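Each chain is listed here by its residues.
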Amino acid sequence: MTRRPPRPRRSGRPAGDGRPGSKSAGRQSAGRLRIIGGDYRRRLLPVLDSPGLRPTPDRVRETLFNWLTAALPGARVLDLFAGTGALGLEALSRGAREATFVERDARVAAQLRENLATLGAETRARVVGADAEAFLAGPASPCSLAFLDPPFRMGLAAPCCAALEAGWLDENAWIYLETEAGLAPEVPANWQLHREVRAGDSHGRLYRRATTLQP
């Protein structure tokens, strides 16, 4: 998910199909999120009309999940700043065993729960309505794959990356971090940059956690 501080949007809709679709009372759907691959391939899910809320672009997701093909079967996923849940949902579609989605906006979290139910994936996932930093300060449960897509220009990337090292990551976990272009994020010294991708004003980096530092 890509969440940025509220600002005028060219189309007023997320990337993707862009047609109204949510039937939930009291909500507006800004469009649809498309699952790219796996069991839920081509499924379209409602996305709320919430300021700054956009799924990570299809091209970026396709590139990222091509890199992660071997890591996905049986993975335990943590999707921080989940928003639409685009990354965690894609991981579940491609064989992840379970996923935890952390989203502080109650309306967005509720839509994510509905989308999981629509896919029949609710038994493999949970949605936690909480601030990401507060969540990471709680009891840790290790994951093998973590997605971090914090709001841009709010200084959240570095502290959240550091907090993951407090028991949230398996020994050789994968971590995907998406930030604004031009930012050189501070990450733990034992995270090794594997691949990176740029799209518009975002820069995605995929890291592999090492148990020991390389000389």
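K.L.:
Let's hear about the sheet that holds strand β7 (residues 125-128): which residues, and what values?
P.N.:
Taken in spatial order, the 7 strands make up an open sheet running β7-β6-β5-β8-β9-β11-β10, and their pairing is mixed. Looking at the sheet topology across the chains shown, the edges are occupied by β7 and β10 (191-199). This sheet shows a mean twist of 15 degrees between the axes of neighbouring strands, independent of strand direction. When strand β5 (residues 76-80) meets strand β8 (residues 143-148), the two strands line up parallel, connected through 4 bridges. When the sheet's bridge partners are listed, valine 77 is paired in β8 with leucine 145. Where helix α1 (residues 58-67) meets the sheet, its contacts fall on β8, β9 (169-180), β10 and β11 (202-209), and the angle it forms with β10 comes to roughly 155 degrees.

K.L.:
Describe empty space enclosed by the protein, with residues and values.
P.N.:
Counted under the stated rule, the structure contains 1 cavity of 30 Å³ or more. Reported here for the largest cavity is a volume of approximately 60 Å³. If you trace the largest cavity, you find it lined by Pro46, Val47, Leu48, Leu53, Gly83, Thr84, Val108, Gln111, Leu112 and Asn115. Mapped by element, the contributors of at least two residues to the lining of the largest cavity are β3 (44-48) and α3 (106-119). When its residues are assigned to classes, the lining of the largest cavity shows 6 nonpolar, 4 polar and no charged.

K.L.:
Run through unusual backbone geometry, naming residues and quoting values.
P.N.:
Here arginine 42, not a glycine, exhibits a phi torsion of approximately 75 degrees, which is positive. Mapped onto the secondary structure, arginine 42 falls in the loop between β2 (29-34) and β3. Arginine 42 gets classed as exposed once you look at its relative accessible area, which sits at 60%. For phenylalanine 81, which is not a glycine, the phi torsion comes out positive at approximately 50 degrees.

K.L.:
So what about the nonpolar core? Which residues, and what values?
P.N.:
The biggest cluster of nonpolar side chains holds 35 residues, and the ones touching the most others in it are Leu89, Leu92, Phe101, Leu116 and Phe147. Among the elements that line this core, the one with the most residues is helix α2 (residues 86-93), at 5 residues. Residues in contact with phenylalanine 147, not counting those within four places in the same chain, are Leu64, Phe65, Leu68, Val77, Leu78, Asp79, Leu80, Leu87, Gly88, Ala91 and Tyr176.

K.L.:
Hey, could you go over the packing of aromatic side chains for me, with residue numbers and the actual values?
P.N.:
Applying the stated criterion across every chain yields a total of 4 aromatic pairs. Judged by centre distance (5.9 Å) and plane angle (55 degrees), the ring pair of phenylalanine 65 and phenylalanine 147 falls under tilted. One end of the pair, phenylalanine 65, is in helix α1; the other, phenylalanine 147, is in strand β8, and 82 residues separate them in sequence. Ring centres of phenylalanine 135 and tryptophan 168 lie 4.9 Å apart, and the angle between their planes is 35 degrees; this geometry places the pair in the tilted category.

K.L.:
Break down α1 for me, citing the residues and quoting the values.
P.N.:
All of the buried residues in α1 are Val60, Arg61, Leu64 and Phe65. Down the axis of α1, the buried side of the element spans an arc of 120 degrees, and every buried residue falls inside it.

K.L.:
Tell me about α3, and please be specific about residues and values.
P.N.:
Taking 1.5 Å of rise per residue, 14 residues should cover 20 Å, and α3 covers 20 Å from first to last C-alpha, within 8% of that figure. Listing the buried residues of α3 in full gives Val108, Ala109, Ala110, Gln111, Leu112, Asn115, Leu116 and Leu119. Backbone nitrogen of arginine 107 and a side-chain oxygen of the N-cap are separated by 3.0 Å at the start of α3; the cap is aspartate 105. A positive phi of about 75 degrees marks glycine 120, the residue just after α3.

K.L.:
Give me the packing of α1 against α2: which residues, what numbers.
P.N.:
Contact geometry for α1 and α2: axes closest at 11 Å, N-to-C directions at 45 degrees. By the angle between their axes, α1 is oblique relative to α2. The two elements α1 and α2 meet at a crossing, and its hand is right-handed. Across the interface between the two elements, Arg61, Leu64 and Phe65 of α1 pack against Ala86, Leu87, Glu90 and Ala91 of α2. In the contact of α1 with α2, the residues fall into 5 nonpolar, no polar and 2 charged.

Conventions and cut-offs
- Residues numbered from 1 in each chain as written.
- Predicted model: local features only at pLDDT ≥ 70, side-chain atom pairs only at ≥ 80, totals over all residues.
- Heavy atoms only, no water.
- Pairing = 2+ DSSP bridges.
- Helix = DSSP H or I, 4+ residues; strand = E, 2+ residues; numbered from the N terminus.
- Axes fitted to C-alpha atoms, helices over the stretch in contact; angles between N-to-C directions.
- Contact = heavy atoms within 4.5 Å.
- 1 Å grid on protein atoms, 1.4 Å probe; cavity = no way out; pocket = protein on both sides within 12 Å on 5 of 7 lines; lining within 4 Å.
- Points joined across faces, edges and corners; volume = space filled by probe spheres on them.
- Nonpolar A, V, L, I, M, F, W, Y, C, P; charged D, E, K, R; others polar.
- Buried < 20%, exposed > 50% of the residue type's maximum accessible area, 1.4 Å probe, protein only.
- Core = buried A, V, L, I, M, F, W, Y, C linked by side-chain atoms within 4.5 Å.
- Phe/Tyr/Trp six-rings, centres within 6.5 Å; stacked < 30°, edge-to-face > 60°.
- Arc of directions from axis to C-beta.
- Expected span 1.5 Å × (residues − 1).
- Polar contact = N/O pair within 3.5 Å; in protein donor to acceptor, adjacent residues only side chain to side chain.
- Parallel < 35°, antiparallel > 145°, perpendicular 65-115°, else oblique.
- Left-handed = near helix turned anticlockwise from the far one by under 90°.

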